[in-house]
Every structure is written in C-alpha cells, then in structure tokens.
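Read off the chains here:
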Amino acid sequence: MRLEALEVWLEAAPGPLLPQLLAALAHHGEPLRWSVTAVEPQGAAGAGSGHQSGRRRLRLEAIMLCS
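Keep in mind it's a predicted model, so treat the numbers as computed, not measured. (Residues numbered from 1 in each chain as written. Predicted model: local features only at pLDDT ≥ 70, side-chain atom pairs only at ≥ 80, totals over all residues. Heavy atoms only, no water.)

A. Summary view of the overall build of the chain. A tally of helices and strands in the chain yields two helices and three strands. The helix and strand sequence of the chain, counted from the amino end, reads β-α-β-α-β. Within the chain, the proportion of its 67 residues that are buried is 21%. Taking the intrachain contacts of the chain between residues at least 6 apart in sequence as the baseline, contacts between residues at least 24 apart amount to 69%. Surface summary for the chain: the accessible area is close to 4500 Å², and the carbon and sulfur share equals 56%. (Helix = DSSP H or I, 4+ residues; strand = E, 2+ residues; numbered from the N terminus. Buried < 20%, exposed > 50% of the residue type's maximum accessible area, 1.4 Å probe, protein only. Contact = heavy atoms within 4.5 Å. Areas by Shrake-Rupley, 256 points an atom, 1.4 Å probe, with all protein chains shown as cover.)

B. Representation of the environment of Cys66 in the model. Among the structural elements, Cys66 can be located in strand β3 (residues 56–66). Since its relative accessible area comes to 7%, Cys66 is described here as buried. On a C-alpha basis, the gap between Cys66 and Leu3 in space is 6.2 Å, while along the polypeptide they are 63 residues apart. Not counting residues within four places of it along the chain, the set of residues in contact with Cys66 comprises Met1, Arg2, Glu4 and His28.

C. Spotlight on the sheet that holds β3. Strand order in this open sheet of three strands is β1-β3-β2, and the pairing throughout is antiparallel. Single-partner strands in this sheet number two, and they are β1 (2–12) and β2 (30–41). The average undirected angle you get between the axes of adjacent strands in this sheet is 15 degrees. Examined bridge by bridge, β1 and β3 share eleven bridges and lie antiparallel to one another. Bridge pairing links Glu4 to Met64 in β3. (Pairing = 2+ DSSP bridges. Axes fitted to C-alpha atoms, helices over the stretch in contact; angles between N-to-C directions.)

D. Focus on the nonpolar core. Counting twelve residues, the largest nonpolar core consists of Leu6, Val8, Leu10, Ala12, Leu21, Ala24, Leu25, Leu58, Leu60, Ala62, Met64 and Cys66. Top element by residues in this core is β3. It accounts for five residues. With sequence-adjacent residues up to four places away left out, Leu25 is seen in contact with Leu6, Pro31, Trp34, Leu60, Ala62 and Met64. (Core = buried A, V, L, I, M, F, W, Y, C linked by side-chain atoms within 4.5 Å.)

The structure is reproduced here in structure tokens:
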C-alpha cells in the first residue's frame, strides 16, 4: 500500500455531484482526503453557452491509498 497525491479534472454532468466525484476518484484507489479546488463553467473560454447547460469542469485534488 502507498499514498499518492492526485489531481483530476472531472466534467460534471447535471445532477448530484458527490456520486460523480467519488466515482472519479475510485478509479485511482481509495480516497483518504479530497477537495474541489477549482470550478470552470464548460465553455468558459467561449461565449458561455456551456454554463447555461449546467455542465462544468471541476478540479479535484486528493490523497489516495493505492495498492
């Protein structure tokens, strides 16, 4: 078992965020600690049409327990 720092960008779908966040982290191991450190509306560089759809990108930082 080892500890690893992880930074992941997640394109969040509409709906509850917690299950999406935990599923994204679970692909890399068991999260010991995690946080959302940035949020960008989808299409932030463009006209903002993605923001109206409710989709957004989240940056997650975590400490993972990996086997």
